[in-house]
Amino acid sequence: MSKYAVIGAGPSGLSAARALQRAGIDFDGYEASRGVGGLWDIENPRSTMYESAHLISSRTTTEFAEFPMASTADYPSHRELIRYFRDFADRFGLTERFRFETKVTALEPAEGGGWMLHADAPAGPIAERYDGVILANGTLAEPNVPPFRGEFTGELLHTSAYKSASQLAGKRVLIIGAGNSGCDIAVDAVHHAASVDMSVRRGYYFVPRYLFGKPSDTLNQGRPLPARLKQALDSRVLRAFTGDPVRFGFPKPDYKIYESHPIVNTLILNHLGQGDLRVMPDIDRFDGRTVHFRDGSSGEYDTVLLATGYKLDYPFVDRTALGWAGMAPKLFLNVFTPSFNGLYVMGMIEASGIGWQGRYEQAELIAAYLTAVEHDPARAAAFRARVAGEPWPDLTGGYKYLGLERMSYYVNKDAYRRAVRTATQGLRTDAVTPGSGIPSASSRRTAKKELSA
């Protein structure tokens with residue numbers, strides 16, 4: 001019987017473990033930290049969590065469908081979330097399936113097929129062969145540190161090293177970048193720092209956490225609007241609720257809403273309106289503790305915080321094995337290598353509102369394929385043939401995403417979940433034409449009808 005490895009015990013790794021468990025597929029889990037939770041465990045050395053962190057998507061759109069959160073908060077804190085993941089793992093007997101404090105160091109093709117997994121464990125090195133490996137080590141652990149001209153001689157930190165606002169007490173702080181983490185930290189900093197500036201190079205759309213008295217991402221659930229219509233309607237709603245961010249000093253966005261991830265934080269606009277912080281232009285160069293901006297202005301700072309995001313990082317496997325193409329691996333549904341070499345990627349998706357249930361559906365797709373490999377090779381072969389021979393589904397939902405590194409694996413949640421469910425349904429129900437290994441057209445139409453019903 002085949003056996004697989006799952007690398008990582010965060011939400012994606014737990015999703016993979018649960019789906020394999022339900023499918024009766026044998027596996028071992030590996031986690032470098034002390035327990036489950038991934039980046040949500042603030043004591044995990046690789047965690048990028050900070051004390052004030054909360055979900056930016058609401059509880060009901062984020063939780064696993066089979067395991068609702070006990071919390072009544074709409075946007076729970078990281079403390080509630082780490083408890084949630086521990087409870088989830090314990091409830092389904094997943095905790096004991098992982099080897100903790102065990103860091104995977106290398107994956108190498110094994111003689112005769114499969115993969116040799118090498119890891120460092122408390123009791124010493126491990127080397128084990130697996131028929132396949134699911135990579136679920138997360139997308140938000142390797143800091144993206146862009147180059148700058150000159151040298152800053154004060155404190156230069158990436159936001160991954162930020163844990164508490166006490167780190168900024170009494171300091172002149174410059175935050176470079178205005179993503180969700182950057183804006184969260186700016187809101188923290190205004191209560192502790194001597195001054196706070198934010199350097200931005202492009203405009204942003206700011207989405208309130210509540211609209212019409214409800215979490216904003218719970219509106220219009222299950223009834224996705226066409227991209228252009230949603231952009232037009234939501235832009236009007238945001239202008240009514242938040243006004244024009246340009247008035248607070250932000251550049252005007254050179255793209256439409258949802259073509260980049262929006263900022264789910266309007267407190268930043270409140271503090272700008274109160275004069276608690278300033279928006280500054282893009283960086284030109286560093287000179288000691290002086291930062292020069294592109295418009296010719298400058299400022300003196302004690303601490304520069306880089307809110308410049310993260311890079312995809314699968315350090316234990318050669319990039320060619322994942323088919324890297326530019327800024328990210330090129331994978332079918334962000335999961336399968338085109339060569340079907342026994343590596344599967346979990347969680348390499350970013351999307352507004354996809355939640356952990358969306359990641360669990362990824363895991364169900366992997367489990368459905370591995371089940372077919374084990375019990376119905378013709379069906380698995382037919383799936384591979386479709387991946388190789390047919391156009392891949394459009395995962396954009398009609399949105400024209402910015403060509404940024406962090407957007408290279410961005411998807412529209414509705415388009416993505418629909419494509420994943422269709423693929424899973426096909427793996428479970430497609431009837432293969434005898435002797436051909438190819439699903440009949442009628443069986444595929446039937447599967448799609450059942451899916452949409």
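Right above here is the structure, for reference.
Figured I'd write up the structure that's included with this text. Only a predicted model underlies this, so the values are computations on that prediction, with no experimental measurement involved.

With respect to the side chain of Arg59
Secondary-structure assignment places Arg59 in helix α2 (residues 59–62). Buried charge without a salt bridge: Arg59, with Asp74 as the nearest opposite-charge side chain at an N-O distance of 4.1 Å. A polar side-chain atom of Arg59 sits 3.3 Å from the main-chain carbonyl oxygen of Ser71. Excluding residues that lie within four positions of it along the chain, Arg59 makes contacts with Met69, Ser71, Thr72, Ala73, Asp74 and Pro76.

Observations regarding the environment of Thr139
Here Thr139 is to be found in the loop between β7 (132–135) and β8 (142–143). Put simply, Thr139 and Arg83 are 56 residues apart on the chain and 21 Å apart in space, counted from C-alpha to C-alpha. Excluding its chain neighbours within four sequence positions, the residues that come into contact with Thr139 are Tyr310, Lys311, Leu312, Tyr314, Gly347, Met348, Glu350 and Tyr409. For Thr139, the side chain forms a polar contact with the side chain of Glu350, separated by 3.3 Å.

Thoughts on the pattern of salt bridges
Taken as a whole, this structure holds 23 salt bridges when the rule is applied. One salt bridge in this structure joins Arg294 and Asp282, with 3.7 Å as the shortest N-O distance. A residue pair is termed long-range when its members are at least 10 positions apart, and Arg294 in the loop between β17 (290–293) and β18 (298–300) and Asp282 in the loop between β15 (278–280) and β16 (283–288) qualify at 12 residues. The partner of Arg379 in a salt bridge is Asp376, with the nearest N and O atoms 2.9 Å apart. In this structure Arg379 comes out as buried when scored by relative accessible area, which is 17%. Bridged by salt links that share partners, the residues Lys3, Asp28, Arg99 and Glu128 form one connected network.

A short note on a nonpolar patch on the surface
A surface patch of nonpolar side chains, amounting to about 310 Å² of accessible area, comprises Phe212, Leu219 and Phe241. By the secondary structure assignment, Phe212 is in the loop between β13 (210–211) and β14 (214–215).

Description of helix α4 (residues 180–189)
For an α-helix the count is 3.6 residues per turn, leaving residues at separations of three or four pointing the same way. Most of α4 is tucked away: nine of the 10 residues are buried. Close packing links the buried residues of α4 with β11 (172–176), β12 (195–199), α6 (267–273) and β19 (303–306).

Digging into the pairing of strand β1 (residues 3–7)
When you tally the buried positions in β1, you get four out of five residues, the bulk of the element. Bridge analysis of β1 against strand β2 (residues 26–30) gives five bridges, and the strand direction is parallel. Bridge pairing links Tyr4 to Phe27 in β2. Handedness of the β-α-β unit built from β1, helix α1 (residues 11–23) and β2 comes out right-handed.

Points about the sheet that holds β15
In spatial order, the strands read β10-β19-β11-β12-β15; together these five strands make up an open sheet with parallel pairing. Every interior strand has two partners, whereas the edge strands, β10 (155–158) and β15, have only one. Averaged over neighbouring strand pairs, the angle between their axes works out to 25° when direction is ignored. Examined bridge by bridge, β10 and β19 share four bridges and lie parallel to one another. Looking at β19, one finds that His158 is bridged to Leu306. The strands touched by α4 are β11, β12 and β19; relative to β12, the strand with the most contacts, the crossing angle is about 165°.

Some words on the environment of Leu157
Following the sequence through the fold, Leu157 ends up in strand β10. Expressed as a C-alpha distance, the spacing of Leu157 and Thr320, which sit 163 residues apart in the sequence, is 32 Å. Each residue touching Leu157, except ones within four places of it in the same chain, is listed here: Gln167, Val304, Leu305 and Leu306.

A closer look at the sheet that holds β17
With mixed pairing, four strands are arranged side by side in an open sheet as β9-β16-β17-β18. In this open sheet, the two strands that pair with only one neighbour each are β9 (150–152) and β18. Each strand axis lies, on average, 35° off the axis of its neighbour in the sheet, ignoring direction. Note that β9 and β16 share three bridges and pair parallel. When the sheet's bridge partners are listed, Glu151 is paired in β16 with Asp287.

Rules used in this analysis
In this numbering scheme, every chain counts its residues from 1 along its sequence in written order. Confidence filtering applies because this is a predicted model: local features only for residues at pLDDT of at least 70, side-chain atom pairs given and counted only at 80 or more, and all residues used for totals across whole chains, interfaces and linings. The side-chain numbers reported here are obtained from all heavy atoms of the structure, hydrogens and water having been left aside. What counts as a helix is a DSSP run of H or I of at least four residues, what counts as a strand is a run of E of at least two, and both are numbered from the N terminus. Three exposure classes are used, based on accessible area relative to the maximum for each residue type with a 1.4 Å probe and protein chains only: buried under 20%, partly exposed in between, and exposed over 50%. When charges are counted, neither His nor the chain ends are considered; positive counts come from Lys and Arg and negative counts from Asp and Glu. Think of a salt bridge as a Lys or Arg side-chain nitrogen and an Asp or Glu carboxyl oxygen that are within 4 Å of each other. Counted as a polar contact is a pair of N or O atoms within 3.5 Å, where, for protein atoms, one must be capable of donating a hydrogen and the other of accepting one, and residues adjacent in sequence contribute only when both atoms are in side chains. Any two residues having at least one pair of non-hydrogen atoms within 4.5 Å are treated as being in contact. Note on patches: the residues involved have over 30% relative accessible area and no salt bridge, like charges join within 9 Å, and the nonpolar side chains Val, Leu, Ile, Met, Phe, Trp and Tyr join within 5 Å. The Shrake-Rupley method, run with a 1.4 Å probe, gives the accessible areas here. Residue values count only the displayed protein chains as cover. Here the rule is simple: two strands pair whenever DSSP picks up at least two bridges between them. Whether a crossover is right-handed depends on one test, that the path from the first strand over the helix to the second runs clockwise when the strands point away from the viewer. For helices, the axis comes from a line fit to the C-alpha atoms of the stretch in contact; other axes are also lines fit to C-alpha atoms, and the angle between any two N-to-C directions lies between 0 and 180 degrees.

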